[in-house]
Amino acid sequence: MSFSAKQIERYSRQIILKKVGVIGQKKLLNSKVLIIGAGGLGSPIAIYLAASGIGTIGIVDNDRVEISNIQRQILFNSNDIKKNKSIVAANKLKQINPSLNIINFKKKIDKKNIDKIAKNFDILADGSDNFKTRFLINDYCLKNRKILVVGAISKFDGHIFTFNFLKKSSPCLRCFMHTIPKNDRDNCEYEGVLGPLAGIIGSIQANEIIKEILKIGVSLCGYILIINSLNLTFKKIKLVKRSKCTCNDIYK
């Protein structure tokens, strides 16, 4: 694979990084990342991955843009209200980087369609807003040995996890939370969320995805990164692999 003059110019600030270079940029262009949810987290993830040159990006979202979304879902504006998020997102990502392969899935991911949607992607980015969907994505990635980067936000707090299921040592989401909580939503409608927090968490998710593709830096796998935007505190806590978790059965 050779770069055009336009590609060299577009990605020049990454290519000059010693830990990226031409080889690294080729890895990004050959990578396939699926983003589940085009909302507060999915928006910055998608924007930065597209700008960085991830060759194939999938966007899964069946919702339509609402005026209350625009406060934090930076892919959208007032002209997009009532339009499907995945379609709008795909169009805007093509404007950012026209050479990429952007695939939109105008549907809600579930047990019946997850394999059909996700099987051709290397890494999944979870920007969903409920644990039922998170557990579904977690279990699928675990079973199929894919890398999963999860984000969650509520009020002033955000969490990020990286699960690299190519490694037998990787814990999974069920090691952190065994069962679905009674209140199965990050309910921004009732609890609220600070708009920039979505950008902070989503941007870090994009950063972690790029690191995993390039195999550079220190992986977040095996830890939880907890961010409080009100006090501006960052905590990196060890996530221990639970001995009786189902993820241990997968590796047998």
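Residues numbered from 1 in each chain as written. Predicted model: local features only at pLDDT ≥ 70, side-chain atom pairs only at ≥ 80, totals over all residues. Heavy atoms only, no water.

Locating Gln-7 in the fold gives a position in helix H1 (residues 5-10). The buried category is assigned to Gln-7, whose relative accessible area is 19%. It is 9.3 Å that separates the C-alpha atoms of Gln-7 and Gly-53, two residues lying 46 residues apart in sequence. In terms of polar contacts, Gln-7 uses its side chain to reach the backbone amide nitrogen of Ser-4, at 3.0 Å. (Helix = DSSP H or I, 4+ residues; strand = E, 2+ residues; numbered from the N terminus. Buried < 20%, exposed > 50% of the residue type's maximum accessible area, 1.4 Å probe, protein only. Polar contact = N/O pair within 3.5 Å; in protein donor to acceptor, adjacent residues only side chain to side chain.)

Here we take up the packing of helix H4 (residues 42-52) against helix H10 (residues 195-214). Interaxial distance between H4 and H10 falls to 8 Å at its minimum, and their mutual angle equals 40 degrees. One element, H4, and the other, H10, form an angle in the oblique class. Note on packing geometry: the crossing formed by H4 with H10 is right-handed. Contact residues: Pro-44, Ile-45, Tyr-48, Leu-49 and Ser-52 in H4; Ala-198, Gly-199, Gly-202, Ser-203, Gln-205, Ala-206, Ile-209 and Ile-210 in H10. Residues belonging to the contact of H4 with H10 are distributed by class as follows: eight nonpolar, five polar and no charged. (Axes fitted to C-alpha atoms, helices over the stretch in contact; angles between N-to-C directions. Parallel < 35°, antiparallel > 145°, perpendicular 65-115°, else oblique. Left-handed = near helix turned anticlockwise from the far one by under 90°. Contact = heavy atoms within 4.5 Å. Nonpolar A, V, L, I, M, F, W, Y, C, P; charged D, E, K, R; others polar.)

Further remarks concern the nonpolar core. By size, the foremost hydrophobic cluster in this structure holds 45 residues, and its most contacted members are Ile-35, Leu-49, Ile-57 and Ile-209. Of the residues forming this core, the biggest block, nine residues, is contributed by H10. In contact with Ile-57, not counting residues within four places along its chain, are Val-33, Ile-35, Ala-46, Leu-49, Ala-50, Leu-93, Leu-100, Asn-101, Ile-102, Ile-103 and Phe-121. In this structure, Ile-114, Ile-117, Phe-131 and Phe-135 belong to the second largest nonpolar core, which totals 29 residues. (Core = buried A, V, L, I, M, F, W, Y, C linked by side-chain atoms within 4.5 Å.)

When you line up the elements, Gly-151 lands in strand S5 (residues 147-154). Put simply, Gly-151 and Gln-205 are 54 residues apart on the chain and 6.8 Å apart in space, counted from C-alpha to C-alpha. Those residues in contact with Gly-151, other than ones at most four positions away along the chain, are Leu-41, Asp-126, Arg-134, His-159, Ile-201 and Gln-205.

The way to describe two aromatic rings as a pair is by their centre distance and the angle between their planes. Tallied over the full model, the rule gives five aromatic pairs. Plain terms: the ring middles of Phe-105 and Phe-121 are 6.4 Å apart, the flat faces sit at 70 degrees to each other, and that makes the pair edge-to-face. Here Phe-105, found in strand S3 (residues 101-105), pairs with Phe-121, found in the loop between helix H6 (114-118) and strand S4 (123-126); they are 16 residues apart in sequence, far enough to count as distant. Phe-121 sits in the buried class, given a relative accessible area of 4%. Ring centres of Phe-163 and Phe-165 lie 5.9 Å apart, and the angle between their planes is 10 degrees; on these two criteria the pair is classed as stacked. Summarising the burial analysis for this pair, Phe-163 and Phe-165 share the class buried. Against the face of Phe-135 rests Arg-174, its NZ or CZ located 4.4 Å from the ring centre. We note Lys-236 situated over the ring of Tyr-223; from NZ or CZ to the ring centre the distance is 4.9 Å. (Phe/Tyr/Trp six-rings, centres within 6.5 Å; stacked < 30°, edge-to-face > 60°. Lys NZ or Arg CZ within 6 Å of the ring centre and 35° of its normal.)

A few words on unusual backbone geometry. Of note, the phi angle at Lys-155 is positive, near 55 degrees, even though the residue is not glycine. Along the chain, Lys-155 falls in the loop between S5 and strand S6 (157-164). Overall, the relative accessible area of 41% leaves Lys-155 in the partly exposed class. Of note, Leu-232 is a non-glycine position whose phi angle comes to about 55 degrees, a positive value. Position of Leu-232 relative to the elements: it lies in the loop between strand S7 (223-228) and strand S8 (233-238). Since its relative accessible area comes to 62%, Leu-232 is described here as exposed.

Working note: regular strand, side chains alternate between the two faces of the sheet. Judged by which residues are buried, S4 turns out to be covered on both faces: Ile-123 and Ala-125 on one side and Leu-124 and Asp-126 on the other are all buried. In this sheet, S4 lies alongside strand S1 (residues 32-36) in parallel orientation, the contact comprising four bridges. Bridging from a neighbouring strand, Leu-34 pairs with Leu-124 of S4. When S4 meets S5, the two strands line up parallel, connected through four bridges. Paired with Ile-123 across the bridge in S5 is Ile-147. In this fold, the crossover linking S4 to S5 by way of helix H7 (residues 131-143) has right-handed handedness. (Pairing = 2+ DSSP bridges. Right-handed = clockwise from strand over helix to strand, strands pointing away.)

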